[in-house]
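A closer look at the structure
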Amino acid sequence: VDGKDGVNGIDGQNGVDGKDGVNGEDGQNGVDGKDGVNGIDGQNGVNGKDGQNGVDGKNGVNGIDGQNGVDGQGGKNGVNGIDGQNGVDGKDGVNGINGQNGVDGKDG
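Residues numbered from 1 in each chain as written. Predicted model: local features only at pLDDT ≥ 70, side-chain atom pairs only at ≥ 80, totals over all residues. Heavy atoms only, no water.

What follows concerns the overall build of the protein chain. Looking only at helices and strands, the protein chain features zero helices and zero strands. Against the 2.2 N^0.38 benchmark of 13 Å for 108 residues, the protein chain shows a C-alpha radius of gyration of 79 Å, more extended than a compact globule. Along the first, second and third principal axes, the C-alpha atoms of the protein chain reach 245 × 65 × 30 Å. Within the span of the protein chain, comprising 108 residues, buried residues form 0% of the whole. Of the roughly 13,600 Å² of accessible surface on the protein chain, a fraction of 43% belongs to carbon and sulfur atoms. The centroid of the 8 positive side-chain charges in the protein chain is displaced by 10 Å from the centroid of its 19 negative side-chain charges. (Helix = DSSP H or I, 4+ residues; strand = E, 2+ residues; numbered from the N terminus. Rg over C-alpha atoms; globule rule 2.2 N^0.38 Å. Buried < 20%, exposed > 50% of the residue type's maximum accessible area, 1.4 Å probe, protein only. Areas by Shrake-Rupley, 256 points an atom, 1.4 Å probe, with all protein chains shown as cover. Lys, Arg positive; Asp, Glu negative; His and termini not counted. Charge placed at Lys NZ, Arg CZ, Asp CG, Glu CD.)

The structure is reproduced here in structure tokens:
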């Protein structure tokens, strides 16, 4: 003979809610960061080399030859001289005075 079905068990009661957990502790303050390293100063730039001398310019063009001077105009004819007057006749010269006779020498 088949046995009878067993009776269903009674459902248990709902469990009690658990208590709230303990609040967590405050975190620690972060450590201050170190100051950054200063950058290294750059070196002075190298001076540029002097430029090369410029190329000499070409020789200048020779000057043009001067033109011949214009011939001067001929001078005017000179004025004709005035005719000279006749010279005056010379007078007779004065006669010279006769010299005196020499003194006789004394006897020695």
